[in-house]
Amino acid sequence: MTTATTNTPVACPGCLATPVEGAPVAVPEARVVLSLPTIHCQACIAKVEKALNAHPGIKNARVNLTLKRALVDAEPEVTAPELVTLLEGEGFEAHELDPGALNETATRTASRDILMRLAVAGFASMNVMLLSVAVWSGATDSTRDLFHWISAAIAIPAIAFSAQPFFRNAWAALRAGRLNMDVPITLAILLALVTSLWETWLSGHHAYFDAALTLTFFLLAGRWLDARARSAARSAAEELTALEVPRAWRIEAEGPNEVSVADLRVDDLVLVRPGGRAPVDGVVTEGHSEVDRAMLTGETLPEVRGVGDVISAGEVNLTGPLTLRATAVGHDTSLQRMAELVAVAESGRSRYTSLADRAAKLYAPGVHILSALAFLGWLIWSGDMRVSLNIAAAVLIITCPCALGLAVPAVTTAASGRLFGKGLLIKNATALERLAEVDTVVFDKTGTLTTGKPRLSNWADLNARQQEVAYALAQGSSHPLSRAIVAVAQSSGLSVQPLMGVVEKPGFGTEAEANGQIQRLGRPDWVGVAVEQDGICAALDVGDGAPVLLTFEDDARMGATDAISGLKDAGIRVVLLSGDRVTAVREFAAELQVSEWHAAMLPDQKAQFVKALREEGHHVLMVGDGLNDTAALATAHVSISPAQALDAARAASDMVLLGQDLSPVAEAVLVARQATKRIKENFRIATLYNVIAVPLAVAGMATPLIAALAMSTSSITVSLNALRVRGRG
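Residues numbered from 1 in each chain as written. Predicted model: local features only at pLDDT ≥ 70, side-chain atom pairs only at ≥ 80, totals over all residues. Heavy atoms only, no water.

So, on to the overall build of the protein chain. Scanning the protein chain from N- to C-terminus turns up 25 helices and 26 strands. Looking at the protein chain residue by residue over its 729 residues, the buried ones come to 53%. Pairs at least 24 apart in sequence give 70% of the contacts found in the protein chain among residues at least 6 apart. (Helix = DSSP H or I, 4+ residues; strand = E, 2+ residues; numbered from the N terminus. Buried < 20%, exposed > 50% of the residue type's maximum accessible area, 1.4 Å probe, protein only. Contact = heavy atoms within 4.5 Å.)

Below is the structure:
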């Protein structure tokens, strides 16, 4: 059982386990974890727990209705398949889950937490504002004091709850001997509260509880916008690790025995059944089958594997059973090495410093020094602690980095909305800033620039009998080329009865006997056709007459030409990388007018190519869709993958194309450059605001309340400027 963790549960093919919001689930003691997609009430929980706890060898079983999972602490001899069978006997669908795949995405939890604190701060702020209006309208003496005390009773617990993220971060920074953006925020909030309590205790005319709450509300709004932008992000390294299968069939003296993958050792014989994923790297010792190697090559067509051929962990066996002799297990497999490569690349990219972070390094120390100097100067000048404290609070509030905090997330949200309308989802908070710096775009071919689905191109050249036989034979196979034949036959309205006795020959094709004649559909050399071209093709023999060649094409994705021309118009270098054959890549590159291309590239070669570009000083955008692109996606400065891509590729990317159209890629670069321009404008607005407002606060011409209103005005201005990204300017 793997000990790796991931943010998305991994289930067997029959089960989709979806992460839900809530606290992370820790399962250190559970040996078996089951997904229960059909449970729906407390009675189901009771029945499942009763059945599991009554089973010999089970110490404890607990069911979580929200997650629809059962966590079972059992003796080593208890296996998941027998528990699945037990629950199926009770009328419940059950599937084994990998316990290492149960940690939930922390960013989603953080986003929900901030939203709850934002709601509390907003509600409390509105109530205190109503009381403040009464005071401003002329309430005096005991009535004014009563309203102030009521405001204090509302504001203090509301801020104690809502402002916790700022308090915790500020305390952590101070304990580490450094300053961050949350230190001046915390000081401003606390000074506003202390000053207000002091004024209330002394029956003063002014209290600033509404200012403290408003400040908290606007800052939380900025944090929530930022968290919202991050909430879709997941670790691609963890997604790759999740592709490991938790159990495998080890061939022993008495026959195949299901064991945990962790129990496998080098030189063990492992049975990989049709439809199964290889749990180890190994060499085929028995069997003949077709294998889906899209993870490594990106090529949509399966490859034939027989005795002596090498299989890598994570590859899918399609047709016949294979016996492997393990050459690498556990952390030594190619899948794990790819995951480690991705993890290294992700950690390097995560060190990117946003514009807001860079500004904060200069901002925080300056705010503290200015506020302290204002306090000391007024204390020496006037000797009045009350006045000095009010002015120090006003300086902190008026210089509070609310506008600075909103500058990036407000623009990011506006730009995300514009791109979402074009079919592009932004997952990472700094993706737009990085995308604006791009000068080179690297495209994968199969499944990215192409549809990844072969299309029969010479169907019309076949006569009626050939079409009928081809359709009948193709119906008996799940091979991608057979599916392409079925698709074109159905679209042309052809309807034939399936042939009886169709036999699929793994790695070769399908054949059947009709009227004493052998009919075949499959590899040209098997059917008896000599092929001189280096393209996607198959052959058909209807039993009488010469066999015919069927040719296939992988069409360009919609908008591919527009995307490439748009990038070139923007002065961006375009490169095509592919694991496909040289001839196919060369012809496709010529079709899209891409002059720089590379073929027959493995995943580490793609990642090394992107890394080399970055070392030359280029800012690379990688667009890819398969596991073979995952390392390159993570290595690039910024990355995009189609929504149809595998989970690991989507997780490694910063943006996801929601539709089939590729043209938004070029527009995304233009929008990113506009967004970065707006962010810099927002920083200038915030700076201009401080240049005007700070001297007024230091001169004692702005109370904490006026400072809070000025701060709110700057925040609204920044937000309105951010909305300009939605336009074309």
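Counting residues in hydrophobic clusters, the biggest one holds 42 residues, and the most contacted among them are Leu435, Phe443, Leu449, Leu567, Leu621 and Val665. With nine residues, helix 24 (residues 664-698) is the single largest residue contributor to this core. Once you skip the residues sitting within four places of it in the chain, Phe443 turns out to touch Thr448, Leu449, Ile564, Leu567, Val574, Val575, Leu576, Leu577, Val623, Leu662 and Val665. If you look at the next biggest cluster of nonpolar residues, it comprises 26 residues, including Ala470, Leu481, Leu494 and Leu540. (Core = buried A, V, L, I, M, F, W, Y, C linked by side-chain atoms within 4.5 Å.)

The next subject is the pattern of salt bridges. In the structure shown here, the tally under the stated rule is seven salt bridges. Between Asp525 and Arg523 there is a salt bridge, with its nearest N and O atoms 3.2 Å apart. Classification of Asp525 as exposed rests on a relative accessible area of 54%. Arg573 is the partner of Glu596 in a salt bridge, and the nearest nitrogen-oxygen pair spans 2.7 Å. Placement of Glu596 in strand 23 (residues 596-598) and of Arg573 in strand 22 (residues 573-577) is noted, with a sequence separation of 23 residues between them. Judged by relative accessible area, Glu596 falls into the partly exposed class, the value being 23%. Taken together, the salt bridges that share partners define one network made up of Arg250, Glu252 and Asp268. (Salt bridge = Lys/Arg side-chain N within 4 Å of Asp/Glu carboxyl O.)

Attention shifts here to unusual backbone geometry. Of note, Asp267 is a non-glycine position whose phi angle comes to about 80 degrees, a positive value. Counting through the fold element by element, Asp267 comes out in the loop between strand 6 (255-260) and strand 7 (269-272). A positive phi angle, close to 60 degrees, is found at Gln593, a residue other than glycine. Tracing the sequence through the fold places Gln593 in the loop between helix 20 (582-592) and strand 23. Judged by relative accessible area, which is 62%, Gln593 ranks as exposed.

With that out of the way, let us pick up a nonpolar patch on the surface. The grouping of Leu688, Val691, Ile692, Leu696 and Met701 at the surface amounts to a nonpolar patch, some 520 Å² of accessible area in total. Here Val691 shows up in helix 24. (Patch = residues over 30% accessible without salt bridge, like charges linked within 9 Å, V, L, I, M, F, W, Y side chains within 5 Å. Areas by Shrake-Rupley, 256 points an atom, 1.4 Å probe, with all protein chains shown as cover.)

With six bridges connecting them, strand 18 (residues 509-514) and strand 19 (residues 517-522) associate as antiparallel partners. Across the sheet, Ala514 pairs through a bridge with Gln517, a residue of strand 19. The loop that links strand 18 with its antiparallel partner strand 19 comprises two residues; one of these, Asn515, has a positive phi angle of about 55 degrees. Examined bridge by bridge, strand 19 and strand 20 (residues 536-541) share three bridges and lie antiparallel to one another. By the bridge assignment for strand 20, Leu521 is matched with Leu540. (Pairing = 2+ DSSP bridges.)

Moving on to the confidence of the model for the protein chain. Do not read the fine detail of predicted coordinates wherever pLDDT is low. The share of residues in the protein chain with pLDDT of 70 or more is 73%, and the mean pLDDT across the chain is 74. Throughout residues 1-30 the model reports pLDDT below 50, and contacts reaching past four residues in sequence, or to other chains, amount to 77 contacts. Low pLDDT, under 50, characterises residues 229-239; the predicted model gives this stretch 43 contacts beyond four residues in sequence or across chains. (pLDDT = per-residue confidence, 0-100.)

Turning to the pairing of strand 5 (residues 247-252), a few remarks are in order. Sheet topology note: the strand 5/strand 6 ladder contains six bridges and is antiparallel. Among the inter-strand pairings, Glu252 is bridged to a residue of strand 6, identified as Gly255.

Across the interface, helix 4 (residues 141-162) lies against helix 5 (residues 164-175) with an axial gap of 5 Å and an inter-helix angle of 60 degrees. When the axes of helix 4 and helix 5 are compared, the pair comes out oblique. Between helix 4, through Ile159, Ala160, Phe161 and Ser162, and helix 5, the contact on the second element is made entirely by Gln164, Pro165 and Phe167. Taken together, the residues that form the contact of helix 4 with helix 5 break down as five nonpolar, two polar and no charged. (Axes fitted to C-alpha atoms, helices over the stretch in contact; angles between N-to-C directions. Parallel < 35°, antiparallel > 145°, perpendicular 65-115°, else oblique. Nonpolar A, V, L, I, M, F, W, Y, C, P; charged D, E, K, R; others polar.)

Before going further, it helps to examine the side chain of Asn458. Position of Asn458 relative to the elements: it lies in the loop between strand 16 (450-456) and helix 16 (464-474). Under the relative-accessibility criterion, Asn458 is labelled buried at 11%. Ignoring anything within four residues of it in the chain, the contact list for Asn458 reads Leu549, Leu550 and Thr551.

Quick look at the packing of aromatic side chains now. Within the structure shown, the criterion is met by one aromatic pair. Looking at Arg117, its charged tip hangs above the ring of Phe161, at a distance of 4.6 Å from the centre. A cation over an aromatic ring shows up here: Arg273 above the ring of Trp249, its NZ or CZ 4.3 Å from the ring centre. (Phe/Tyr/Trp six-rings, centres within 6.5 Å; stacked < 30°, edge-to-face > 60°. Lys NZ or Arg CZ within 6 Å of the ring centre and 35° of its normal.)

Tracing the backbone shows Arg305 in strand 10 (residues 303-305). From its side chain, Arg305 meets the backbone oxygen of Val310 in a polar contact 3.3 Å long. (Polar contact = N/O pair within 3.5 Å; in protein donor to acceptor, adjacent residues only side chain to side chain.)

So, about the environment of Ile114. Relative to the helices and strands, Ile114 resides in helix 3 (residues 106-136). Taking the C-alpha atoms as reference points, Ile114 and Trp224, separated by 110 residues in sequence, lie 5.9 Å from one another.

If you trace the six strands from one edge of the open sheet to the other, you get 16-21-20-19-18-17, paired in antiparallel fashion. In this open sheet, the two edge strands, each paired with only one partner strand, are strand 16 and strand 17 (503-505). The mean inter-strand angle of the sheet, taken between neighbouring strand axes irrespective of direction, is 20 degrees. Where strand 17 and strand 18 come together, three bridges link them in antiparallel fashion. The residue bridging Val503 from the neighbouring strand is Glu511, located in strand 18.

Attention now goes to the sheet that holds strand 8 (residues 281-286). An order of 6-5-7-13-8-11 is seen for the six strands of this open sheet, with the pairing classed as antiparallel. With partners counted over all chains shown, the strands left at the sheet margins are strand 6 and strand 11 (310-311), one partner each. Relative to strand 13 (residues 322-328), strand 7 runs antiparallel, the two sharing four bridges. Bridge pairing in strand 13 links Val272 to Leu322.

Glancing now at helix 21 (residues 603-615). In this model helix 21 runs 18 Å from its N-terminal to its C-terminal C-alpha over 13 residues, within 8% of the 18 Å that 1.5 Å per residue would give. Along helix 21, the residues classified as buried are Pro603, Lys606, Ala607, Phe609, Val610 and Leu613. Projected down its long axis, helix 21 carries its buried residues within an arc of 155 degrees, all on one side. Gly617 lies just past helix 21 and shows a positive phi near 100 degrees. (Expected span 1.5 Å × (residues − 1). Arc of directions from axis to C-beta.)

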